Amino acid sequence: QHAPQVARCLLSSHISHTKSTVRHGFPYLPTALAFDPVQKILAIGTRTGAIRMYPFLFKKFFTGALVSASADDTLHLWNLRQKRPAILHSLKFNRERITYCHLPFQSKWLYVGTERGNTHIVNIESFILSGYVIMWNKAIELSTKTHPGPVVHLSDSPRDEGKLLIGYENGTVVLWDLRSKRADLRVYYDEAIHSVAWHHEGKQFMCSHSDGSLTLWNLKSPSRPFQTTIPHGKIQRDGKKPESCKPILKVEYKTCKSSEPFIIFSGGLSYDKACRRPSLTIMHGKAITVLEMDHPIVEFLTLCETPYPNEFQDPYAVVVLLEKDLIVVDLTQSNFPIFENPYPIDIHESPVTCTEYFADCPPDLIPVLYSVGAKHKKQGYSNKEWPISGGAWNLGMLYKLKTSKVFEKQKLGEGKSTAEIVEEDPYAVQMMYWCPESRIFCVAGVSAYVIIYRFSKHEVNTEIASLEVRLQYEVEDIITPEPEIIPPFPDASSQLPSLKNLSGSTNTVACEGTMKDSIPCLSVKTRPVRMPPGYQADLVIQLVWVDGEPPQQITSLAVSSAYGLVAFGNCNGLAVVDFMQKTVLLSMGTIDLYGSSDPYQRQPRSPRKSKQFAAGREKKHSCCECATFYANDGMLLSLAPFSFLIINNCLSPFSVVSVKGSRKLSLPTDLKTDLENRENSFSRSRSSSVSSIDKESKETITSLYFMESFARKNDSALSPCLWVGTGLGMVLILSLNLPPNDDLRLTEPVMVSPSGTVLTLKGAVLTFACLDCMGALIHPPYEVWRDPNSTDDNEKTRKRKLVMHSPSASQDMGEHQFAVVCSEKQAKVFSLPSQTCLYIHNITETSFLLRADVVTLCNSVCLACFCANGHIMTLSLPSLRPMLDVNYLPVTDMRIARTFCFTNEGQALYLSSPTEIQRLTYSQEMCDNLQDMLGDLFTPVETPEAQNRGFLKGLFGGSGQTFDREELFGEATAGKASRSLAQHIPGSGGIEGMKGAAGGVVGDLARARIALEERGQRLGELDEKTASLMVSAEAFSKHAHELMLKYKDKKWYQF
């Protein structure tokens, strides 16, 4: 009846096909690492075939490009001169497997070693295979009867680029002369080789072996190693060779101008230390330092002051890629501290359990959280700047919060009560609620607790109040009405208990053999603890054991800063707590909430007779005052431009499994089985017959929402309400009676009572929202933030400022509103206060929704849904007209189902792997401007100049011949490679880059910009060569003139 008044309309042109935008986090299952010393950017390759460029988000760099080798023996050339790197060329090897790649600095020829022991050469610019091949049988001696094994190392000599060092797995190393096409020297060792590293002068090289030894070889005496050491081997008393150790997987040999060289290697530990963690060893002079790592080492690289291999390297840092972390060690300080990472990628510090995404937050919130989070930084980091500084990115960590700091650490024998509920971490977070405007943060944990945090800029030392709620609702097999039933809503005076202190045995686990009752799963700290600036715990609420039954986990959570209330529910019922007065207002079974309004006329189910009095008395509340909290780290807030992402971490991911009244958490192994079970339970619980509904022993509270709304049909004015959604598709509205003014808020009680309104849907209720009569979203009321610990007297005495978001000042426009309710199966729009169902849309029949959110998009509102079959759908509001239905991704893991969430402006995210967050958008405007919103990966940087070697060093320090790779490896000299050896696959990276750029504001200049950059780079190289020639010419002219002046007056016989 009010639908024609709606003027706002979401057009189809505002909706785009779903598109992935940015991925955050640590690369999942990393396998390879590369660093560009000029651009100062890092590339990480993964087992899934992805390449992540760092600082944001088996490779070699080449002047704004990246070469990657994949497990299917394909080489890819990536263009990095666009915001979205794309493949320019691919080269697929058909007959040989790639084992090693080497790209010399400032070279366009890539050396490729294979499993057969051969070495091929690829032109990077054209990605064409050269006809020049180093066959294994030519490299080794003819008298050798065995195959040398795969190529494990390739590098050109720092002294002469025309000499290539080839390392074979069986212990053979060959120095190959590329010009004469023969081996200059060969060295043999009886242990397998894992890696090789040159001395910068090109006269020595070092090898690491499978027995934990390092061998140093001199080119002048290749018959035996110049030096052999086993750094971690025990020295035998009888003078024998030290015992073997674990293989040294990689070694780097870096020289310094002013100190001893660095020898850095991974592995090589003694076999008798089986429990030692993975380590990186740094040998500097006589000092040996072993750095133990938390995770296995995948790869490491040494960062040096110069990119030229024939100069003193002067290493300043080591980048260590671990399986689940990336660390950078400072080599310039003797204690080798690590650098503090300004781009944290450790969201997987403990497994992520749930996420929430907030866009368009208050602008003052970002600097405040950043400044407070900066004060929590750990000590002991290097005082130098982060060395991986390339590109232009704008993502950073804001704040971390560890909820476990509220509780006492469990002793060895005290974990049994919690173990009956959870198998893993008892502090794991299940749900979150955050109000950016009031800065109130609330979490619900797996051990049936709720913690409310308030934000403060000041440090305090205080205790925190703690409440215990008895919310256990048991049902008899035969339901009979009781003659005397305790009223579900006792008078207000009985709902204001006095605060008492929990101490000693009251808050401990009952002894073995006794029935546990009124005991929480965790113990809140009882001593005053220092709370640093940031989020500080204000109240801890815990559900307690009842007659030997553990509390059920919390399934829904909502907080209202304007009302000062927090509501949470589980499969037993609903609890409402006043966190301003620290009192329990309501603790009631779900069926009791209906009263006489139950559409199925179910009788209130009372506890068993033997427990009736105790349960009824304790159902009201149980209250105590306990202590305290220290906010340090654990919960993660990370920042995207003008938006927030909140991530919860716990020790392990989990799913809920019911087991005879108590339930435990188990790791998700098979999502299909879990979804099938959920669908089966759905079909049983959604039956419309009274008998099947009556058999349901419990009705879970699945959704809660505080709102200014019309609680009853005949209401003429808005009033505070709590909307309650259940697993049976029921919607209940509770009326909240608040004190009339702010002065009485802390003294007068808040009354909570059912309004009698019951709405029905098909499927468990997921979300609520309210629209005004013009279709605009009505935000829930909130309190403007004020510092609870402020030292300013004016701040302390200032009254609470509430923002109520009234629909309109006009009388006729505020007469009604639309209520949007979405369940697992359908969505409905009701007109209030008439409660008429205006629109209904059956979203899915064969599946069910995992997530639904009402979000704003292009100054309008829509309902965004994510289905278990992988579809993302959007519906216009209030008409529920389908706008988008795209099969985005299959839900192959419970992780996706648990972490998928929407936010405003057509954005969403989910955990794409245990360590990475994928952001996506379905907004056409954002897709059009995405190219301009991305960070710059490639920035024009001048290549550092090589040191002048000097006349004598150039004359006696190396080969006097110039080495022209183009002449040697080009088609004119080397010929063409066999077509059957490798297949060239042209890429579309350049075209795709242009298409992506064309959608942005600078699309018409993209092609010209790239062309100018390439031309400018070529001109720059030409200028450098010209300048070098001019300097050489001037020096020659000067020396010639001096020579002429010296001998011009001498006779011929004076020479």
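Going by what an unreviewed UniProt entry lists, the chain is known as Syntaxin-binding protein 5-like and is assigned to Crocodylus porosus. In its Sequence similarities (unreviewed entry) section, UniProt records this for the chain: "Belongs to the WD repeat L(2)GL family."

> Which residues make up the overall build of the chain, and what values go with them?
Counting secondary structure elements, the chain contains 16 helices and 63 strands. Within the chain, the proportion of its 1055 residues that are buried is 53%. With an accessible surface of roughly 47900 Å², the chain has 52% of that area assigned to carbon and sulfur atoms.

> Pulling in residues and values, what's your account of unusual backbone geometry?
Going from Leu832 to Pro833, the amide bond is cis rather than trans, its omega being 10 degrees. Residue position: Pro833 is located in the loop between strand 54 (826-832) and strand 55 (836-842). Here the amide bond leading from Leu877 into Pro878 is cis, since omega sits at 5 degrees, within 30 degrees of zero. Mapped onto the fold, Pro878 is located in the loop between strand 58 (871-876) and strand 59 (882-887). Even without glycine at this site, Phe127 takes up a positive phi of about 55 degrees. Mapped onto the elements, Phe127 comes out in the loop between strand 11 (119-123) and strand 12 (128-134).

> I'd love a proper account of the nonpolar core, names of residues and values included.
By size, the foremost hydrophobic cluster in this structure holds 33 residues, and its most contacted members are Val406, Phe407, Ile451, Tyr453 and Tyr535. Secondary-structure elements contributing two or more residues to this core are strand 28 (352-359), helix 2 (365-374), strand 29 (396-401), strand 30 (429-435), strand 31 (440-445), strand 32 (449-456) and strand 36 (534-543). Counting 24 residues, the second largest nonpolar core, distinct from the first, contains Tyr563, Tyr594, Met730 and Leu734.

> Quick rundown of the sheet that holds strand 9 (residues 98-102)? Include the residues and the values.
Backbone-to-backbone hydrogen bonds pair the strands of a sheet. The strands run either parallel or antiparallel. Strand order across the open sheet formed by four strands is 9-10-11-12, with antiparallel pairing between neighbours. Every interior strand has two partners, whereas the edge strands, strand 9 and strand 12, have only one. Going from strand to strand, the sheet's axes swing by 30 degrees on average, the running direction of each strand aside. Two strands pair when backbone bridges link them, and strand 10 (residues 109-114) and strand 11 are joined in this way by five bridges, in the antiparallel orientation. Opposite Tyr111, over in strand 11, you have Ile121 as the bridge partner.

> How would you summarise the state of the cysteines if you had to cite specific residues and measurements?
If you walk through the whole model with that rule in mind, you get zero disulfides. With no disulfide of its own, Cys858 has Cys862 as its nearest cysteine by sulfur position, at a separation of 9.0 Å.

> Give a description of the environment of Ala317 that names residues and reports values.
With respect to the helices, strands and loops of the structure, Ala317 is situated in strand 26 (residues 315-322). The buried category is assigned to Ala317, whose relative accessible area is 0%. Setting aside residues no more than four positions away along its own chain, Ala317 makes contact with Leu301, Thr302, Leu303, Val328, Val329, Leu331, Phe339 and Pro387.

> Hey, could you go over helix 2 for me, with residue numbers and the actual values?
All buried positions along helix 2 are accounted for by Leu365, Val368, Leu369, Val372 and Gly373. An end-on view of helix 2 places all buried positions within 125 degrees of arc, on one side of the element.

> Before we move on, can you summarise the packing of aromatic side chains with the specific residues and values?
Applying the stated criterion across every chain yields a total of 22 aromatic pairs. Ring pairs connect the aromatic residues Tyr399, Phe441, Tyr453, Phe455, Tyr535 and Trp785, which therefore count as one cluster. If you follow Lys250 out to its NZ or CZ, it ends over the ring of Phe300, 5.1 Å from the centre. When the ring centre of Trp785 is taken as reference, the NZ or CZ atom of Arg439 above it lies at 4.0 Å.

> How would you summarise the pairing of strand 56 (residues 849-857) if you had to cite specific residues and measurements?
Counting buried positions over the nine residues of strand 56 gives nine, a clear majority of the element. In the sheet, strand 56 pairs with strand 57 (residues 860-867) via eight bridges, with the strands oriented antiparallel. Bridge pairing in strand 57 links Ala852 to Cys865. A loop of two residues connects strand 56 with strand 57, the two strands running antiparallel in sequence, and Cys858 in this loop sits at a positive phi of about 55 degrees.

> Describe the side chain of His89, naming the residues involved and giving the relevant values.
Its place among the elements puts His89 in strand 8 (residues 86-93). Side-chain polar atoms of His89 contact the side chain of His984, separated by 3.2 Å. When residues no more than four places from it in sequence are discounted, the contact partners of His89 are Leu75, His76, Leu77, Glu125, Ser126, Phe127, His984, Ile985 and Gly987.

> An account of the pattern of salt bridges is needed here, citing residue identities and associated values.
Here the structure, examined in full by the defined rule, presents 28 salt bridges. A salt bridge links Glu252 to Lys250; the nearest nitrogen and oxygen atoms lie 3.4 Å apart. For the pair shown, Glu252 and Lys250 are each scored as buried. Between Glu299 and Lys250 there is a salt bridge, and its shortest N-O distance comes to 3.1 Å. On the criterion of sequence distance, the pair formed by Glu299 in strand 25 (residues 297-304) and Lys250 in strand 21 (residues 248-254) is long-range, its members being 49 residues apart. When its relative accessible area of 22% is taken as the criterion, Glu299 is described as partly exposed. Lys250 gets classed as buried once you look at its relative accessible area, which sits at 16%. Shared partners join several salt bridges into a network, and the residues in it are Arg23, Arg52 and Glu916.

> Explain the sheet that holds strand 55 to me, using residue names and the numbers behind them.
One open sheet accounts for four strands, arranged 50-53-54-55; its pairing is antiparallel. If you trace the sheet from one side to the other, it starts and ends with strand 50 (765-771) and strand 55, each paired once. Adjacent strand axes in the sheet meet at a mean angle of 15 degrees, parallel and antiparallel pairs treated alike. In this structure, strand 50 lies alongside strand 53 (residues 817-823), joined through six bridges in antiparallel fashion.

> Lay out the side chain of Thr921 with the relevant residues and their values.
Within the secondary structure, Thr921 sits in strand 62 (residues 916-923). Reaching out from Thr921, the side chain makes a polar contact with the backbone oxygen of Gly906 at a distance of 2.8 Å. In terms of polar contacts, Thr921 uses its side chain to reach the backbone amide nitrogen of Ser923, at 3.1 Å. Not counting residues up to four positions away in its chain, the partners in contact with Thr921 are His17, Thr18, Lys19, Thr21, Glu905, Gly906, Gln907, Met926 and Cys927.

> I'd like a description of the environment of Leu593, backed by residues and values.
Residue placement: Leu593 occurs in helix 4 (residues 590-594). Using a relative accessible area of 2% as the deciding quantity, one classes Leu593 as buried. In this structure, the C-alpha to C-alpha distance between Leu593 and Leu574, residues 19 residues apart in sequence, is 8.5 Å. Apart from the residues within four sequence positions on either side, Leu593 is in contact with Leu574, Leu586, Met588, Ile701, Leu732 and Pro754.

> Give a detailed account of a negative patch on the surface, specifying residues and quantitative values.
Together, Glu942, Glu945, Asp1023 and Glu1024 make up a region of like negative charge exposed at the surface. Relative to the helices and strands, Asp1023 resides in helix 16 (residues 1003-1047).

> Go over the confidence of the model for the chain, please, and point to the residues and values.
Here the chain shows a mean pLDDT of 78. Residues at 70 or above account for 74%. The low-confidence segment residues 678-696, where pLDDT is below 50, has 32 contacts with residues more than four positions distant or belonging to other chains. Below pLDDT 50 for its whole length, residues 807-813 participates in six contacts with residues either more than four positions away or in separate chains.

> Residues and numbers for the environment of Leu968, please.
On the secondary structure map, Leu968 appears in helix 13 (residues 965-969). The class of Leu968 is buried, set by a relative accessible area of 15%. Sequence separation of Leu968 and Gly131 is 837 residues, and the distance between their C-alpha atoms is 10.0 Å. For Leu968, the contacting residues outside a window of four places in its chain are Tyr132, Leu178, Arg179, Phe963, Thr973 and Ala974.

Criteria and cut-off values
Residues numbered from 1 in each chain as written. Predicted model: local features only at pLDDT ≥ 70, side-chain atom pairs only at ≥ 80, totals over all residues. Heavy atoms only, no water. UniProt positions renumbered as here; feature names shortened; annotations may be inferred. Helix = DSSP H or I, 4+ residues; strand = E, 2+ residues; numbered from the N terminus. Buried < 20%, exposed > 50% of the residue type's maximum accessible area, 1.4 Å probe, protein only. Areas by Shrake-Rupley, 256 points an atom, 1.4 Å probe, with all protein chains shown as cover. Core = buried A, V, L, I, M, F, W, Y, C linked by side-chain atoms within 4.5 Å. Pairing = 2+ DSSP bridges. Axes fitted to C-alpha atoms, helices over the stretch in contact; angles between N-to-C directions. Disulfide = S-S within 2.5 Å. Contact = heavy atoms within 4.5 Å. Arc of directions from axis to C-beta. Phe/Tyr/Trp six-rings, centres within 6.5 Å; stacked < 30°, edge-to-face > 60°. Lys NZ or Arg CZ within 6 Å of the ring centre and 35° of its normal. Polar contact = N/O pair within 3.5 Å; in protein donor to acceptor, adjacent residues only side chain to side chain. Salt bridge = Lys/Arg side-chain N within 4 Å of Asp/Glu carboxyl O. Patch = residues over 30% accessible without salt bridge, like charges linked within 9 Å, V, L, I, M, F, W, Y side chains within 5 Å. Lys, Arg positive; Asp, Glu negative; His and termini not counted. Charge placed at Lys NZ, Arg CZ, Asp CG, Glu CD. pLDDT = per-residue confidence, 0-100.

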